[in-house]
Amino acid sequence: MNPVTVDTYLAAAPDARREALTRLRELCVAELTGFEEHIAYGMPAYTRPGAEAGEIAWANQKQYISFYLLRTDIRDAFAERLAAHDMGKACLRFRNPAKVDFTLLRDLLRATAEAGPGKVC
């Protein structure tokens, strides 16, 4: 199924992860004031009005919840805090929904919103 809205995306998520994913969405909406929420590449994404690319996205993957931090400047600024986590180039992975670091995610979202438009990878 290809979700059309974030609501349908969440409705299709497994029960064991839906609470963490819902909380992640609420955090994105609260911190990314003025961003547009939409589905891109089959996952929820957040884009500044008029921008060509999203800066934040998240997804329910087979083995983990992923949080995509697409701003290189924000990743660089948080490198020390991100080092303790399972992190790819732009993907922060949480294998256990009960261990999602919502404090870190809030800080990343807040920094993204405050930084203004920037380069995405």
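Right above here is the structure, for reference.
Predicted model only: the values in this text are computed from it and were never measured.

## Concerning the environment of arginine 17
Phase 1: Examined against the element boundaries, arginine 17 turns out to sit in helix α2 (residues 15-31).
Phase 2: Looking at arginine 17, the relative accessible area reads 11%, which means it is buried.
Phase 3: Between the C-alpha atom of arginine 17 and that of leucine 69, which follows or precedes it by 52 residues, the distance is 20 Å.
Phase 4: Setting aside anything within four residues of it in sequence, one finds arginine 17 in contact with Asn60, Gln61, Lys62, Gln63, Tyr64, Ile65 and Pro97.
Phase 5: Of the polar contacts made by the side chain of arginine 17, one reaches the side chain of asparagine 60; its length is 2.6 Å.

## Some remarks on the sheet that holds strand β5 (residues 86-87)
Phase 1: Reading across from one edge, β1-β2-β3-β4-β6-β5 is the order of the six strands in this open sheet, with antiparallel pairing throughout. The two strands at the open ends of the sheet, each matched to only one other strand, are β1 (36-40) and β5.
Phase 2: Pairing analysis gives five bridges linking strand β3 (residues 56-60) to strand β4 (residues 65-69), with the strands arranged antiparallel. Across the sheet, the residue bridging to isoleucine 56 is leucine 69, located in β4.
Phase 3: Here α2 sits on the sheet in contact with β1, β2 (43-47), β3 and β4, set at roughly 170° to β3.
Phase 4: Sheet contacts for helix α5 (residues 102-115): β3, β4 and β6 (91-94); angle to β4, the most-contacted strand, approximately 25°.

## Focus on the pattern of salt bridges
Phase 1: In total, this model carries eleven salt bridges according to the counting rule given.
Phase 2: Salt-bridge contacts for aspartate 107 lead to arginine 81; the nearest nitrogen and oxygen are separated by 2.8 Å. Of this pair, aspartate 107 sits in helix α5 while arginine 81 is found in helix α4 (residues 79-82), placing the two residues 26 residues apart along the sequence.
Phase 3: The partly exposed category is assigned to arginine 81, whose relative accessible area is 37%.
Phase 4: As a salt-bridge pair, aspartate 86 and arginine 95 come within 3.2 Å of each other at their nearest N and O atoms.

## Brief notes about the pairing of β2
Phase 1: Counting buried positions over the five residues of β2 gives five, a clear majority of the element.
Phase 2: On β2, burial covers both faces: Met43, Ala45 and Thr47 on one face and Pro44 and Tyr46 on the other are all buried.
Phase 3: Note that β1 and β2 share five bridges and pair antiparallel. Its bridge partner being in β2, glutamate 37 is matched across the sheet by tyrosine 46.
Phase 4: Count of turn residues in the β1/β2 antiparallel hairpin: two residues, of which tyrosine 41 carries a positive phi of about 55°.

## Some words on the state of the cysteines
Phase 1: A full pass over the atoms with the stated rule returns zero disulfides.
Phase 2: Looking at the unpaired cysteine 28, the closest cysteine sulfur is the one in cysteine 91, lying at 14 Å.
Phase 3: Given the relative accessible area of 9%, cysteine 91 is considered buried.

## What about α5?
Helical periodicity: at 3.6 residues per turn, an α-helix aligns residues three or four positions apart in one direction.
Phase 1: Its 14 residues place the ends of α5 20 Å apart at the C-alpha level, agreeing with the 20 Å of an ideal helix rising 1.5 Å per residue.
Phase 2: Burial in α5 covers these residues: Phe102, Leu104, Leu105, Asp107, Leu108, Leu109, Ala111 and Thr112.
Phase 3: Against the buried residues of α5 lie α2, β3, β4, α3 (72-77), α4 and β6.
Phase 4: In the stretch just after α5, glycine 116 is the one whose phi turns positive, near 80°.

Parameters and conventions
Residues numbered from 1 in each chain as written. Predicted model: local features only at pLDDT ≥ 70, side-chain atom pairs only at ≥ 80, totals over all residues. Heavy atoms only, no water. Helix = DSSP H or I, 4+ residues; strand = E, 2+ residues; numbered from the N terminus. Buried < 20%, exposed > 50% of the residue type's maximum accessible area, 1.4 Å probe, protein only. Contact = heavy atoms within 4.5 Å. Polar contact = N/O pair within 3.5 Å; in protein donor to acceptor, adjacent residues only side chain to side chain. Pairing = 2+ DSSP bridges. Axes fitted to C-alpha atoms, helices over the stretch in contact; angles between N-to-C directions. Salt bridge = Lys/Arg side-chain N within 4 Å of Asp/Glu carboxyl O. Disulfide = S-S within 2.5 Å. Expected span 1.5 Å × (residues − 1).

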